[in-house]
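Descriptive analysis of the structure
Below, each chain spelled out in residue letters.
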Amino acid sequence: MKHLHSAYEAAALLRDSELVAIPTETVYGLAADATNAEAVAKIYEAKQRPQFNPLIAHFASQEAAEREVEFTPLARKLAAAFWPGPLTLVLRATPDTRICALARAGLPTQAVRVPAHPLAQKLLREVAVPLVAPSANASGTLSPVSSAHVAKSLAGKIGWILEGGECSEGLESTIVDATGEQPVLLRAGTITATQIAEAAGYEVRLQLHAGEGEVKSPGQLLRHYAPRGGLRIGTQNPQSGEALLAFGAEIPPGFTHVLNLSERSDLREAAANLFSMLHQLEAYPIATMPVPEEGLGLAINDRLRRASSSL
Ligand code: TXA
Ligand code: MG
């Protein structure tokens, strides 16, 4: 793993679809260009998480974030009080957002934050695209607050880390759903519920996640992904009226509507296409072809099983 000392060098790599671990005031993040679905797919590969969790998009300013999500009056109050800083807001993605659907795991909402760390600020200004960045640790391990922690957790999985010293907060950002009038606390952090309530002028509702990337009642989040017309997984024989979500070069005959996750059976490409293709086929009942249970295929199959409500 190469240690970088220049935000310009990191920005060039990120624009070139590479992953770079970056410092923020909370914890180190594993960053990718949020507008590039294949780059975002690499994050899930590197973290070796068998699920797609929605990711936080990072911006240099609130103005930049306003292009990608719909700010509510509540969000404006919270941003005015705590940005730049360790607060993440969950807001509805704009219809023409450039952030790929994989970054929000197909959800209608996108988590956004403006970090205060000077080097993160410099990088975000230089790279000029939003960066998604989950904590830069392998799935199921502690969040990294120094570059040494990142190196220990992701050695051999990523090529670069932007050196930014120890993280001053050392704890992940507070996450607030600000889509409505009342702030909903989704993850506790250094900014407290009391501070949020004060800035919002509104009592805070608690809906804390069970653990990293988990939601308290799994069904709640996941219902969003179930296509309206239903979904059958791993099928070889079509039923009339079904659309096919294919994988690989050999497509069974009989389907009029076909989208192919990856003709060359590339799992990274398939992950990058998954959510946008599910959305495109939503008007039909969907049949999906088998995807190998390995690497990113684990997360793809997990999501397809949930969408088929067979989980
Ligand atoms: O401090 C932080 O927030 C760090 C630094 C790098 O910014 N990032 C971080 O990301 O902790 P991550 O991926 O480890 O945690 C993000 C959390 C997850 O629990 C995820 O479920 C939640 O944010 N989240 C993201 N998008 C969401 C959405 N649209 N709705 C609800 N929860 C969301
Ligand atoms: Mg994390």
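Residues numbered from 1 in each chain as written. Chains lettered and ligands numbered in written order. Predicted model: local features only at pLDDT ≥ 70, side-chain atom pairs only at ≥ 80, totals over all residues. Heavy atoms only, no water.

Another aspect to go through is the site of ligand 1. Of all residues adjacent to ligand 1, which total 21 residues, the nearest are T26, H58, T109, S173 and R187. S173 places a side-chain nitrogen or oxygen 2.5 Å from an oxygen atom of ligand 1. The side chain of R187 places a nitrogen or oxygen atom 2.9 Å from an oxygen atom of ligand 1. Every element with two or more residues in the shell around ligand 1 is listed here: β4 (56-58), β7 (109-113) and β11 (184-187). With three residues, the single largest contributor to the shell around ligand 1 is β7. Among the residues making up the shell around ligand 1, the classes are represented as ten nonpolar, eight polar and three charged. (Near = heavy atom within 4 Å. Polar contact = N/O pair within 3.5 Å; in protein donor to acceptor, adjacent residues only side chain to side chain. Helix = DSSP H or I, 4+ residues; strand = E, 2+ residues; numbered from the N terminus. Nonpolar A, V, L, I, M, F, W, Y, C, P; charged D, E, K, R; others polar.)

Another point: the pattern of salt bridges. Proximity of charged atoms lets side chains of opposite charge pair with each other. For the coordinates displayed, the defined rule picks out ten salt bridges. In this structure, E66 engages R76 in a salt bridge whose closest nitrogen and oxygen atoms are separated by 2.9 Å. In this pair, E66 is assigned in the loop between α3 (62-65) and β5 (69-70) and R76 in helix α4 (residues 73-82), connecting sequence segments ten residues apart. Looking at R76, the relative accessible area reads 39%, which means it is partly exposed. Measuring nitrogen to oxygen at the nearest pair gives 3.0 Å for the salt bridge that ties R305 to E293. With a gap of twelve residues between them, R305 in helix α10 (residues 296-307) and E293 in the loop between β16 (286-288) and α10 connect regions that are remote in the sequence. (Salt bridge = Lys/Arg side-chain N within 4 Å of Asp/Glu carboxyl O. Buried < 20%, exposed > 50% of the residue type's maximum accessible area, 1.4 Å probe, protein only.)

The subject of this paragraph is empty space enclosed by the protein. Throughout the structure, instances matching the rule amount to two cavities of 30 Å³ or more. Taken as a whole, the second largest cavity holds about 30 Å³ of empty space. Residue lining of the second largest cavity: I43, Y44, K47, R49, L55 and P134, and that is the complete set. (1 Å grid on protein atoms, 1.4 Å probe; cavity = no way out; pocket = protein on both sides within 12 Å on 5 of 7 lines; lining within 4 Å. Points joined across faces, edges and corners; volume = space filled by probe spheres on them.)

Let's shift gears to helix α1 (residues 7-15). Burial in α1 covers these residues: A7, A10, A11, L13 and L14. Buried residues of α1, viewed axially, fall in a sector of 165°; they line one side. In this structure S6 caps α1, since a side-chain oxygen of it lies 3.1 Å from the backbone nitrogen of Y8. The first or second residue beyond α1 is S17, which carries a positive phi of 70°. (Arc of directions from axis to C-beta.)

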